[in-house]
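Each chain is listed here by its residues.
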Amino acid sequence: MTLAETQPQALEFECETGNYHTFCPISCVAWLYQKIEDSFFLVIGTKTCGYFLQNAMGVMIFAEPRYAMAELEEGDISAQLNDYEELKRLCLQIKRDRNPSVIVWIGTCTTEIIKTDLEGIAPRLESEIGIPIVVARANGLDYAFTQGEDTVLAAMAHRCPEKSPTLESEKKERNAISSLLNFGKKKEEAIAEESAYRDHTPLVLFGSLPDPVVTQLTLELKRQGIKVSGWLPSKRFTELPAIEEGYYVSGVNPFLSRTATTLMRRRKCKLIGSPFPIGPDGTRAWIEKICAVLDIEPKGLDEREAQIWESLEDYLQIVRGKSVFFMGDNLLEVSLARFLVRCGMTVSEIGIPYMDKRYQAAELAFLEKTCQEMGVPLPKIVEKPDNYNQIQRIKEIQPDLVITGMAHANPLEARGITTKWSVEFTFAQIHGFTNARDILELVTRPLRRNNSLKGLGWEKLVREEATSPLG
Amino acid sequence: MKLAYWMYAGPAHIGTLRIASSFQNVHGIMHAPLGDDYFNVMRSMLSRERDFTPVTISVVDRHVLARGSQEKVVNNITRKDAEEHPDLIVLTPTCTSSILQEDLHNFVERASQTAESDVLLADINHYRYNELQAADRTLGQIIKFYIDQARKDGTLPQGKTEKPSVNIIGMTTLGFHNNHDATELKRLMTDLGIEVNEVIPEGASVHNLKRLPQAWFNLVPYREIGLSSAQYLQEEFGTPFIDITPMGIVETARCIRAIQKTLNEQGAGVNYEEFIDNQTRFVSQAAWFSRSIDCQNLTGKKAVVFGDNTHAAAMTKILAREMGIHVVMAGTYCKYDADWFREQVSEYCDEVLISEDNGEIGDKIAQHEPSAIFGTQMERHVGKRLDIPCGVIAAPIHIQNFPVGYTPYMGYEGANQIVDLVYNSFTLGMEDHLLEIFGGHDTKEVITKTMSADSDLAWTKDGQAELNKIPGFVRGKVKRNTEKFARDRGFSEINVEVLYAAKESVGA
Ligand code: SF4
Ligand code: SF4
């Protein structure tokens, strides 16, 4: 790679179809069961799936667990047992013990391989036991890590009511967000608030975010006079937003391409394709695009963005001019890379488990534009990277920071390569203007740690080895 | 189908990979879907491993499912062979990929033709065996493979070592305090004038496995891993083995006496009585603790023990015999080896429980209301809810089981560590516990930054009084958590009920 050539080039894509490490998509259970408070997640799989959730994800069960394994045993695999009866027995037990508003079945590789007809069984069982059952096939044969959320939300999109409620009582229940925003306000004030909104086609946002971030982004759009009619997922299954034909939808996460497709094809919504609201630049682009589509003149975005950048200056000084390498893990890579380039970093490689060029089109274009504006070379995007080869490349280019899955972090650190776990970006609050600082807090932490250890001569903590990839 | 909330032992492939990656220069290849390769994460994160875990996943995806994986697996084996030149490559499916019923034997055979490394298929029924059983079997399989090979090549060394010597079998990566136990046992053997012939598998080279028959005896400290290997070596070479877990003063002495007996039968003429007596009465602190006033105060206190066979049995004996603690229930999750456990502990406890169901164990603990629990991370959680302190004595492992400092559970130093664990669990447990009760560990909800810091909440007199009873070092935290709770639920005043409701909600 020659650093001199900065004339516009196109992004380079490559698919290594290598042996790479990432988490299993069933891991979405870890955040979704917390997000959807009246849910119960049942992962239908083997001990391997269960041990993963328990050990690698560290999902702890508490006094009132809201997720469990339906562990398939030899009899299930050899089809001696009847799937319907088995699932019924388990779901009745869940109903009795926990009484959730919805049971989400997470299909796994095993249910794919033995071709369990989950979609066929669910509707029958649902009417028999009287609890909605949503089926998501979040298996590791077809998907990686965060895409699990995509499979769940795509399945839930079918459960959003067809019509907005007209009854006052129902309205109240479904309008949890506006009552949250209007919390503590008098009724008249709330009505006055209502008039602050511009008249536009209803907009529903999709993507699972922690509640405070939901509020922040909702408020951010409210500043522009845009009303968010609802979020998929909602805090409670019973509060899923109504979605009518012709509604606009916008995704806040880069890994939700199936949900987007489902909303467009099945629910006849119009997708607003934009960069994702990650980093001040992304958040601004996201709001601008929504405004443009809804035909609203955005106001105050320049100042808002500038003010955020200003508040980031102390962190920017640490990252400017540094290089970062994404090994690829959670599909947030392109958005994070684009933000970090804007922060003044260079990105040599973006590994990513799966690249949907259409759903991420606006983000990819934004990345290109950002690189050109910042005068840095375009990163190479490597789909399904081969971790072994990546480590050779890391060894060669010695990036200042490697954002990597958990399996490689300690070994890289031991060889003097600074790392940050990619999963932290999955769990941290990184969306919107307000949380830009949190992204940089994470990114700079290892760099600041290095700074404080500097001079101790402890960079490499392994003896030179002949056989190791970094030897 | 089984509704399962928690697993005490992992799936079989974890056991196989623990063995493979414990050896030096052995590479594991998993034939499995993408998400199954978290063994690498566990090894790197839980045990803070510096080296890349020598395990590669040969990914089974939709394409492989449609077309079969033959080329891919074979290619991955030959590729690893060329890249890293391991001595041995172990191929394993997971319970998921084993359903595909592919002829992995055939892949291994094909790969062996070109690979310079030896290539083995871990021969395990993934639905029948758990992590521990699979580890035991894989270790046996690898040992047998290299013994057979040496026999064929005529390189099997003849006779025993000149001086008394031992193989310590069963030390593995991701084992519960295994690394410290290994050090302690090596020290103990040195003190006894016994040469350590091999420690396997952790850190061992497969090429040294042919040296195993040279040892005078084999020591199998853990019931779960290594026993079948020791039995095999006894059958093949007549090497005696000792499977007494040297945990606690009494059992350590019993183990040493068994060693003495076996060495003397082979003509060594050793006498360890003086050593045992000296260690017990003057060097180790554990026996002295049993005599001390501190221990007197523990007399008759009730405890529940739960864990794997090795640790639960050993701990039950220590508590009952060495500390006069009343073990109301001792339990194991090693269902497949339940008879042994019963036989070991029956005389030292009121009730024996064999179960893999954490709910059942939790209920039992609640019924017994012990003053302390000695169990796994799961029982620690149960204890947290029930307000009962818990010392962790067995896997499933947690990063906390890889302390940086030296903390063996075996031998004389191990006995000291166990004393500290027991003492701290009974006495300090309660204070430390307050932190956890009031959500010191709960990171699920963040107190939102946007929430105004000035409290708009009033504390009633009784609420304030109750708050003041809470030790100073956690009071601030409790106050914050309670106020957050009150705000969330819309209370404007915090009285003693609200304080407790907050405590309950955090515990839930
Ligand atoms: S990859 Fe498949 S088998 Fe493995 S944990 Fe994920 S769903 Fe289960
Ligand atoms: S931090 Fe708290 S919740 Fe997590 S493992 Fe430890 S005790 Fe359990």
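Residues numbered from 1 in each chain as written. Chains lettered and ligands numbered in written order. Predicted model: local features only at pLDDT ≥ 70, side-chain atom pairs only at ≥ 80, totals over all residues.

1. Side note on the overall build of chain B
Each helix and strand in chain B was counted, giving 22 helices and 16 strands. In terms of overall dimensions, chain B is globule-like: its C-alpha atoms have a radius of gyration of 26 Å, near the 23 Å expected for 508 residues. The principal-axis extent of the C-alpha atoms belonging to chain B is close to 85 × 65 × 35 Å. Sequence-distant contacts in chain B: of pairs separated by 6 or more residues, those separated by 24 or more amount to 70%. (Helix = DSSP H or I, 4+ residues; strand = E, 2+ residues; numbered from the N terminus. Rg over C-alpha atoms; globule rule 2.2 N^0.38 Å. Contact = placed C-beta atoms within 7 Å.)

2. Things to note about the site of ligand 1
Within the structure, ligand 1 sits among 16 residues, and Cys24, Cys49, Cys109 and Gly140 of chain A together with Gly35 of chain B are positioned closest to it. Chains contributing residues near ligand 1 are chains A and B. Secondary structure elements with two or more residues in the shell around ligand 1: helix H2 (47-56) and helix H5 (109-113) of chain A. Of the residues forming the shell around ligand 1, the biggest block, three residues, is contributed by H2 of chain A. Partitioning the shell around ligand 1 into residue classes produces seven nonpolar, eight polar and one charged. (Near = placed C-beta within 6 Å. Nonpolar A, V, L, I, M, F, W, Y, C, P; charged D, E, K, R; others polar.)

3. Description of the sheet that holds strand E4 (residues 88-93) of chain B
Residue and element names in this part refer to chain B. Overall, parallel pairing links the four strands, which are arranged E3-E2-E4-E5 in an open sheet. Edge positions in the sheet fall to strand E3 (55-60) and strand E5 (118-121), since each has one partner strand and no second. Taking each pair of neighbouring strands and ignoring which way they run, the sheet shows an average axis angle of 20 degrees. Pairing of strand E2 (residues 26-33) with E4 involves six bridges; the strand directions are parallel. When the bridges of E4 are listed, Val26 appears paired with Leu88. (Pairing = 2+ DSSP bridges. Axes fitted to C-alpha atoms, helices over the stretch in contact; angles between N-to-C directions.)

4. As for the packing of helix H4 (residues 70-84) of chain B against helix H6 (residues 104-114) of chain B
Residue and element names in this part refer to chain B. At a minimum axis distance of 9 Å, the contact between H4 and H6 shows a crossing angle of 40 degrees. Relative to H6, the crossing made by H4 is right-handed. Of the residues in H6, those touching H4 at Gln70, Val73, Val74, Ile77 and Thr78 are Phe107, Arg110, Ala111 and Thr114. Residues of the contact of H4 with H6, tallied by class, amount to five nonpolar, three polar and one charged. (Left-handed = near helix turned anticlockwise from the far one by under 90°.)

5. Quick word on the interface of chain A and chain B
Every contact between the two is made by 56 residues of chain A and, on the other side, 52 residues of chain B. The set of elements that each furnish at least two residues to the side of chain A that touches chain B consists of H2, strand E3 (67-71), helix H3 (74-77), helix H4 (83-98), H5 and helix H19 (406-414) of chain A.

6. Observations concerning helix H1 (residues 12-22) of chain B
Taking burial as the measure, the eleven residues of H1 of chain B include eleven buried ones, the bulk of the element. Of all the residues in H1 of chain B, the buried ones are Ala12, His13, Ile14, Gly15, Thr16, Leu17, Arg18, Ile19, Ala20, Ser21 and Ser22 of chain B. (Buried ≥ 20, exposed ≤ 12 C-beta atoms within 10 Å, placed from the backbone.)

7. Points about the sheet that holds strand E13 (residues 401-404) of chain A
Residues and elements named next belong to chain A. Ordered by their spatial adjacency, six strands build an open sheet running E1-E12-E11-E10-E13-E14, and the pairing between neighbours is parallel. Only two strands of the sheet have a single partner each, and these edge strands are strand E1 (12-15) and strand E14 (419-421). Strand-to-strand twist of the sheet, defined as the mean angle between neighbouring strand axes without regard to direction, takes the value 20 degrees. Summarising the sheet, strand E10 (residues 323-326) and strand E11 (residues 346-352) pair through four bridges and their orientation is parallel. The residue bridging Phe325 from the neighbouring strand is Glu349, located in E11. Relative to the sheet, helix H16 (residues 333-342) contacts E10 and E11, its axis offset from that of E11 by approximately 175 degrees. Its contacts with the sheet place helix H21 (residues 436-453) against E13 and E14, and it is angled at close to 145 degrees to E14.

8. Here's the deal with helix H18 (residues 387-397) of chain A
Residues and elements named next belong to chain A. All of the buried residues in H18 are Asn387, Gln390, Ile391 and Ile394. Buried residues in H18, looked at end-on, bunch into an arc of 100 degrees, giving them a common side. As for H18, its buried residues are in contact with E10, E11, E13 and H19. Following H18 by one or two positions, Gln398 has its phi on the positive side, about 45 degrees. (Arc of directions from axis to C-beta.)

9. Describing the confidence of the model for chain B
All names here are of chain B. Here chain B averages 89 in pLDDT, and 92% of its residues register 70 or above. Every residue in residues 429-454 scores below 50 in pLDDT, and together they form 31 contacts with partners more than four places removed in sequence or on other chains. Here the predicted complex carries an ipTM of 0.88, next to a pTM of 0.86. (pLDDT = per-residue confidence, 0-100.)

10. Re the domain arrangement of chain B
Residues and elements named next belong to chain B. On domain assignment, one finds that chain B holds domain 1 (12-134), domain 2 (165-283), domain 3 (287-427) and domain 4 (458-507). Of note, the centres of domain 2 and domain 3, computed from C-alpha atoms alone, are 24 Å apart. On the side of domain 3, 28 residues touch domain 2, which itself brings 25 residues to the contact. Those elements giving two or more residues to the side of domain 2 that touches domain 3 turn out to be helix H8 (178-191), helix H10 (249-265) and helix H11 (273-283). The element that contributes the greatest number of residues to the side of domain 2 that touches domain 3 is H8, accounting for six residues. (Domains from an automatic or database assignment.)

11. Things to note about the domain arrangement of chain A
Residue and element names in this part refer to chain A. Domain boundaries in chain A define domain 1 (12-20 + 303-453), domain 2 (25-143) and domain 3 (168-299). Taken together, the nine residues of domain 2 in the interface contact six residues of domain 3. No other element matches helix H1 (residues 28-35), which puts three residues into the side of domain 2 that touches domain 3. Among the residues making up the side of domain 2 that touches domain 3, the classes are represented as four nonpolar, two polar and three charged.

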